[in-house]
Amino acid sequence: MGRRAAAIGPAVVGDQAPTLVLAALLHDIGYAPELAATGFHPLDGARFVRDEGRPDVASLIAHHTGARNEARLRGVAELDDEFPFEDSLIQRALTFCDLTTTPDGRPTNVSDRVVEIVRRYGDDHVVSQGVQAGLVEFLGIEREIDTILSGSPASIR
Ligand SMILES: [Fe+2]
């Protein structure tokens, strides 16, 4: 996903590309057992990165891939309290990178990626319910970023 962010970053977010790449590389760091204080990885990761001095990257991590949907389902109010959601292009670009890369790093599309997540976790899992709650938003993000990239060389699409 870091490579995806590096490829599309300049075309999509211009000089914010290094921030996007950093967020892409660190977005799931909250899964690290040492950081898993709450067990909700977007929040655990965001707190760590904020405390390391990058609140901008922390905010992106907190809200990657519609994390606020899962936070609502889990009843984790701290996410929005500590990291107010901003519907920015760089935030959407991060979600795009996550949802157009398979867990093992191959290119995919939003629909296939959401199907893969729901299959992996099972229908009733809160992760599956969270991504399904975000599906319409994610498809809109995919359209938006694809449109931006349509003017770019095919090698980065
Ligand atoms: Fe994640």
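Residues numbered from 1 in each chain as written. Predicted model: local features only at pLDDT ≥ 70, side-chain atom pairs only at ≥ 80, totals over all residues. Heavy atoms only, no water.

Per an unreviewed UniProt entry, the protein goes by HD domain-containing protein and derives from Nocardioides terrae.

**Q** Would you explain the packing of aromatic side chains in this entry?
**A** The geometry of an aromatic ring pair is captured by two quantities: the separation of the ring centres and the angle between the planes. Under the criterion given, the structure shown has 0 aromatic pairs. The ring of Phe85 carries the charged tip of Arg68 above its face, separated from the ring centre by 3.9 Å. (Phe/Tyr/Trp six-rings, centres within 6.5 Å; stacked < 30°, edge-to-face > 60°. Lys NZ or Arg CZ within 6 Å of the ring centre and 35° of its normal.)

**Q** Please clarify how the packing of helix H2 (residues 17–26) against helix H7 (residues 89–99) should be interpreted in this entry.
**A** Close contact between H2 and H7 brings their axes to 10 Å; oriented N to C, the two are set at 40°. By the angle between their axes, H2 is oblique relative to H7. The handedness of the crossing between H2 and H7 is right-handed. Here Thr19, Leu20, Ala23 and Ala24 of H2 lie close against H7, whose contacting residues are Ile90, Ala93 and Leu94. (Axes fitted to C-alpha atoms, helices over the stretch in contact; angles between N-to-C directions. Helix = DSSP H or I, 4+ residues; strand = E, 2+ residues; numbered from the N terminus. Parallel < 35°, antiparallel > 145°, perpendicular 65-115°, else oblique. Left-handed = near helix turned anticlockwise from the far one by under 90°. Contact = heavy atoms within 4.5 Å.)

**Q** Help me understand the coordination of the iron ion in this model?
**A** Coordination sphere of the iron ion, protein contribution only: Asp28 (OD), His41 (NE2) and His64 (NE2), at 2.1 to 2.3 Å. In primary-sequence terms, the residues that donate to the iron ion follow D-x12-H-x22-H. Note that Asp28 is positioned in the loop between H2 and helix H3 (41–51) and His41 in helix H3, a separation of 13 residues in sequence. On the basis of relative accessible area, Asp28 is assigned to the partly exposed category, the value being 28%. (Donors = N, O, S within 2.8 Å, 3.2 Å for Na, K, Ca; no water. Buried < 20%, exposed > 50% of the residue type's maximum accessible area, 1.4 Å probe, protein only.)

**Q** Help me understand helix H8 (residues 110–121) in this model?
**A** With 12 residues, H8 ought to run about 16 Å at 1.5 Å a step, and its terminal C-alpha atoms sit 17 Å apart, in line with that. For H8, every residue scored as buried is listed here: Val110, Arg113, Val114, Ile117 and Val118. Buried residues of H8, viewed axially, fall in a sector of 135°; they line one side. Looking at the packing, one finds that the buried side of H8 touches H7, helix H9 (126–133) and helix H10 (135–149). (Expected span 1.5 Å × (residues − 1). Arc of directions from axis to C-beta.)

**Q** What exactly am I supposed to notice about the UniProt feature "domain: HD" (unreviewed entry) in the protein here?
**A** Feature annotation in UniProt places "domain: HD" (unreviewed entry) on residues 19–75, given in this structure's numbering. Secondary structure content for residues 19–75 is 61% helix and 0% strand, and the end C-alpha separation is 29 Å. (UniProt positions renumbered as here; feature names shortened; annotations may be inferred.)

**Q** Sorry if this is basic, but what is going on with the pattern of salt bridges here?
**A** Tallying each qualifying case throughout the model produces 12 salt bridges. One salt bridge in this structure joins Arg54 and Asp56, with 2.9 Å as the shortest N-O distance. The closest approach of N and O atoms between Arg68 and Glu137, which form a salt bridge, is 3.2 Å. Pair noted here: Arg68 is in helix H5 (residues 67–74) and Glu137 is in helix H10, with a separation of 69 residues, a long-range link. Here Arg68 falls in the partly exposed class, since its relative accessible area comes to 21%. Within this structure, Arg47, Arg50, Asp51 and Glu82 form a network of salt bridges that share partners. (Salt bridge = Lys/Arg side-chain N within 4 Å of Asp/Glu carboxyl O.)

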